[in-house]
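Fold and contact review
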Amino acid sequence: HMYLCRHATGTIDDYVKEAIKLGFDSIGFSDHAPWDELIDRSVRMYASDYKTYLHQLKNAIKTYKGQIKIYKGLEIEYFNGKNERYVELLKDLDYLTLGQHYIEMNGKLVSVYRISSIEELTIYKNTLIKAIKTGYFKFISHPDLFLFSTKEVTQEILDLSEEIIIAAKENHVPLEVNANGIRKGRISIHDRILYRYPREEFWKLVQKHDVPVIISSDAHKPELLFDEAIINAENFSRRLGLRVVEALDFE
């Protein structure tokens, strides 16, 4: 993410230079997509900034050609009745990643950070499965974010999680272990010290079904491209026996 999303710092050039310094052979940009429906409730790119975003990406691709591969993307929510929007965006971009921060409930948008009832969690599950089946999304960012406000992961919630995971496997869509969740620290849940996300109970099911996993920095500052949180995410994935893929195929 970069400065246009209004809650990150750094330009595209800043990130690319840092990535080159770190020895990366590629970097994907996936800033938060503009949504007119969310502009009053979510800090993200304005629609008027989208052309600027594309222009800066185009310039960086030209400037750093031969030094690093740059992929153009957006992190975006899935909303019913908006399929034309995703098709149009993919004409400009290399990829979309699904970052579902809201659910649609009773005609209103509800933040995923605040949901906890089975009804709300089920809507999230159904939304993700519908999105996965569209084929619009290269991977699913923080798929376990819906457990953010859940302390007691019951069998019913595990079953909802498993449906998401099976859908990802059946549709060949990788799931993301999100390092930014690790940066947010751990909390005490029933005498256990756990990340709110990546949530261990969810990822044990991912391991059970052998779904491909990517580790993403979700960097909001250039210096976070490869930091301690990435190392911790790798350790988390290794400890649970997750099948981590090093890079996605964009060809």
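Refer to the preceding data block for the structure.
Calculation criteria
- Residues numbered from 1 in each chain as written.
- Predicted model: local features only at pLDDT ≥ 70, side-chain atom pairs only at ≥ 80, totals over all residues.
- Heavy atoms only, no water.
- Helix = DSSP H or I, 4+ residues; strand = E, 2+ residues; numbered from the N terminus.
- Rg over C-alpha atoms; globule rule 2.2 N^0.38 Å.
- Buried < 20%, exposed > 50% of the residue type's maximum accessible area, 1.4 Å probe, protein only.
- Contact = heavy atoms within 4.5 Å.
- Areas by Shrake-Rupley, 256 points an atom, 1.4 Å probe, with all protein chains shown as cover.
- Lys, Arg positive; Asp, Glu negative; His and termini not counted.
- Charge placed at Lys NZ, Arg CZ, Asp CG, Glu CD.
- Polar contact = N/O pair within 3.5 Å; in protein donor to acceptor, adjacent residues only side chain to side chain.
- Arc of directions from axis to C-beta.
- Phe/Tyr/Trp six-rings, centres within 6.5 Å; stacked < 30°, edge-to-face > 60°.

What follows is about the overall build of the chain. Counting secondary structure elements, the chain contains eight helices and ten strands. Whereas a compact globule of 251 residues would reach a radius of gyration of roughly 18 Å, the chain reaches 18 Å, a difference of no more than 12%. Seen through its C-alpha atoms, the chain measures out along the principal axes to roughly 50 × 40 × 30 Å. Per-residue burial over the chain gives 52% buried out of 251 residues. A fraction of 70% describes how many contacts in the chain between residues 6 or more apart in sequence connect residues 24 or more apart. Counting every atom, the chain has about 12100 Å² of accessible surface; 47% of that belongs to carbon and sulfur. Charge separation in the chain, taken as the distance between the mean sites of 34 positive and 38 negative side-chain charges, equals 2 Å.

Quick look at the environment of Arg-196 now. Residue position: Arg-196 is located in the loop between strand S9 (192-195) and helix H7 (200-209). Residues Arg-196 and Ala-233 lie 37 residues apart in sequence; the distance between their C-alpha atoms is 13 Å. Arg-196 has contacts with Phe-148, Ser-149, Gly-185 and Ile-187, leaving out every residue within four places of it along the chain. Reaching out from Arg-196, the side chain makes a polar contact with the backbone oxygen of Phe-148 at a distance of 2.7 Å.

Turning to helix H1 (residues 12-22), a few remarks are in order. Taken residue by residue, H1 has Ile-12, Tyr-15, Val-16, Glu-18 and Ala-19 as its buried positions. Buried residues of H1, seen end-on, are gathered within an arc of 165° and therefore sit on one face of the element. The outward face of H1, more than 90 degrees from its buried face, is lined by the exposed residues Lys-17 and Lys-21. Among the structural elements, strand S1 (26-32), helix H2 (50-63) and strand S2 (69-76) are those in contact with the buried residues of H1.

Attention now moves to the packing of aromatic side chains. Counted by the stated rule, this structure contains 16 aromatic pairs. On the basis of an interplanar angle of 85° and a centroid distance of 6.0 Å, the ring pair of Tyr-15 and Phe-29 is categorised as edge-to-face. Of this pair, Tyr-15 sits in helix H1 while Phe-29 sits in strand S1; the two residues are 14 residues apart in sequence, bridging distant segments of the chain. Note on Tyr-15: relative accessible area 2%, which makes it buried. Judged by relative accessible area, Phe-29 falls into the buried class, the value being 3%. Relative to Phe-250, the ring of Tyr-71 has its centre 4.1 Å away and its plane inclined at 20°; by these criteria the two rings are stacked.

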